[in-house]
Amino acid sequence: MTTTATSAKAEKRTRWTTALLLAPSALWYLALLVVPLAVVMVFSFGERAPAGGYQAGFTIANYLNLPARSAAFRNTLLLAPLGTIVCLLAAYPLAYYLAIKASPRLRLFLLILVIVPFWTSFLIRTYAWMFILGGRGLPSVIEWLGLGEVRLINTPLSVLIGMVYGYLPLMVFPIFVSLERLDKRLIEAAADLGSNPWRSFLQVTLPLSAPGVITGCMLVFILLMGEYLIPQLLGGGKVFFIGNALVDLFLQSRNWPFGSAVAMSLVIIMLATVTIYLRVTRRYGAGRDVSLL
């Protein structure tokens, strides 16, 4: 009886200690995420005041008017997944070489090169791409080579190039970590059992690196969905993302209720994406067996 009472007291003390340790982060999360999100949700059902801003009311007209920003939604939902896929296709070979093929000294040097862009301002790097893709940059070189006139700046292609360049390192590192932890004896065992390199990659390397691939894709995709700077500078006001639409609605037209509805739609898309991510990771964790044949 005494042992049971002591155990209950210890368990209660542990719960209180855990609650106290989690309280600061919980309050921070509540104040900076839950409360602002609740305010945006309330605003999304309100009306635009005559002088701009928010006026109390209840209407779903703001959500019914979302097609008015269909171009921003279309560009975001097209270029963000496409940018994520291109980042993955570019990052995986690099991460594979760094983790599997490169010598320790070369690996360190290449990792530093991957990190170097983060040492400078994201804005400065984007401005550099404005010059590279502008009329006096790469297009002038192509024209000088006699390949005709090419326009790159202020196009979806320029925005895609900027996104891939800006977020490629965020895709490389999670994949690199997964591949570095890979037990290379599994690859050797697959070869001993008669599996060719391509089959070993598909059945051993790729499944074991899936957590890094999923993490990198989710990280890049979520950031691209909220991107503002790259479409603004490299798109030249012609390739709008949802982030650009929000700046226009809140700061220029001052239609806060409609802007809140657009923001809530973006949040819903993100929640759906995270839900799919959790289901995929749960399914992957439940069946992690790796076939060597």
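Residues numbered from 1 in each chain as written. Predicted model: local features only at pLDDT ≥ 70, side-chain atom pairs only at ≥ 80, totals over all residues. Heavy atoms only, no water.

## Here we look at empty space enclosed by the protein
- Evaluation of the coordinates by the stated rule reveals one cavity of 30 Å³ or more.
- There is about 40 Å³ of room inside the largest cavity.
- Elements that contribute at least two residues to the lining of the largest cavity include exactly α5 (122–133), α7 (156–180) and α11 (229–234).
- Among the elements that take part in the lining of the largest cavity, α5 stands out by supplying four residues, more than any other.
- Here the lining of the largest cavity is built from residues that sort into five nonpolar, three polar and one charged. (1 Å grid on protein atoms, 1.4 Å probe; cavity = no way out; pocket = protein on both sides within 12 Å on 5 of 7 lines; lining within 4 Å. Points joined across faces, edges and corners; volume = space filled by probe spheres on them. Helix = DSSP H or I, 4+ residues; strand = E, 2+ residues; numbered from the N terminus. Nonpolar A, V, L, I, M, F, W, Y, C, P; charged D, E, K, R; others polar.)

## Observations concerning the packing of helix α3 (residues 70–101) against helix α4 (residues 104–115)
- Where α3 meets α4, the axes come as close as 9 Å, and the angle between the chain directions of the two elements is 150 degrees. Every pair of crossing elements has a handedness; the one defined by α3 and α4 is left-handed. For the pair α3 and α4, contact is made by Leu 94, Tyr 97, Leu 98 and Ala 99 and by Leu 106, Arg 107, Leu 110, Leu 111 and Val 114, respectively. (Axes fitted to C-alpha atoms, helices over the stretch in contact; angles between N-to-C directions. Left-handed = near helix turned anticlockwise from the far one by under 90°. Contact = heavy atoms within 4.5 Å.)

## Re the packing of aromatic side chains
- One pass over the full model with this rule turns up nine aromatic pairs.
- A ring pair is formed by Phe 45 and Tyr 63, whose centres lie 5.3 Å apart and whose planes are at 40 degrees; its orientation type is tilted. Note that Phe 45 is positioned in the loop between α1 (2–44) and β1 (47–48) and Tyr 63 in helix α2 (residues 61–64), a separation of 18 residues in sequence.
- A relative accessible area of 24% means that Phe 45 is categorised as partly exposed.
- Given a relative accessible area of 23%, Tyr 63 falls into the partly exposed group.
- Look at Trp 198 and Phe 201: their rings are 5.8 Å apart centre to centre, the planes differ by 25 degrees, and that puts the pair in the stacked class. Of the two residues, Trp 198 and Phe 201 both sit in helix α9 (residues 197–208), three residues apart, roughly one turn of that helix.
- Members of the aromatic cluster, connected to one another through ring pairs, are Tyr 92, Tyr 96, Trp 198 and Phe 201.
- Over the aromatic face of Phe 118 sits the side chain of Arg 125, whose NZ or CZ is 5.9 Å from the ring centroid. (Phe/Tyr/Trp six-rings, centres within 6.5 Å; stacked < 30°, edge-to-face > 60°. Buried < 20%, exposed > 50% of the residue type's maximum accessible area, 1.4 Å probe, protein only. Lys NZ or Arg CZ within 6 Å of the ring centre and 35° of its normal.)

## Thoughts on the confidence of the model for the protein chain
- Mean pLDDT over the protein chain: 85, with 94% of residues reaching 70 or higher.
- In the predicted structure, residues 286–293 sits below a pLDDT of 50 and forms 16 contacts with residues beyond four places in sequence or in another chain. (pLDDT = per-residue confidence, 0-100.)

## Re the environment of Thr 205
- Summarising the element assignment, Thr 205 is placed in helix α9.
- Residues Thr 205 and Tyr 165 lie 40 residues apart in sequence; the distance between their C-alpha atoms is 26 Å.

## Notes on the packing of α3 against α7
- As a packed pair, α3 and α7 sit with axes 6 Å apart at the nearest point and diverge in direction by 40 degrees. On the basis of the axis angle, α3 is oblique to α7. The hand of the α3/α7 crossing is right-handed.
- Looking at side-chain class alone, the contact of α3 with α7 contains 26 nonpolar, two polar and one charged residues. (Parallel < 35°, antiparallel > 145°, perpendicular 65-115°, else oblique.)

## Topic: the nonpolar core
- Membership of the largest hydrophobic core comes to 52 residues, with the highest contact counts inside it found for Val 159, Met 163, Met 171, Ile 175 and Val 262.
- Beyond its immediate sequence surroundings of up to four residues, Met 163 is in contact with Leu 79, Cys 87, Leu 224, Ile 230 and Phe 241. (Core = buried A, V, L, I, M, F, W, Y, C linked by side-chain atoms within 4.5 Å.)

## Quick word on the side chain of Glu 227
- Mapped onto the elements of the fold, Glu 227 is located in the loop between α10 (210–225) and α11.
- Within the buried core, Glu 227 has no salt-bridge partner, and the shortest N-O distance to an opposite charge, that of Arg 125, equals 9.9 Å.
- Looking at Glu 227, its side chain comes within polar contact range of the main-chain nitrogen of Leu 229, at 3.0 Å.
- Residues contacting Glu 227, with those up to four places away along its chain left out, are Phe 122, Tyr 167, Phe 241, Gly 243 and Asn 244. (Lys, Arg positive; Asp, Glu negative; His and termini not counted. Salt bridge = Lys/Arg side-chain N within 4 Å of Asp/Glu carboxyl O. Polar contact = N/O pair within 3.5 Å; in protein donor to acceptor, adjacent residues only side chain to side chain.)

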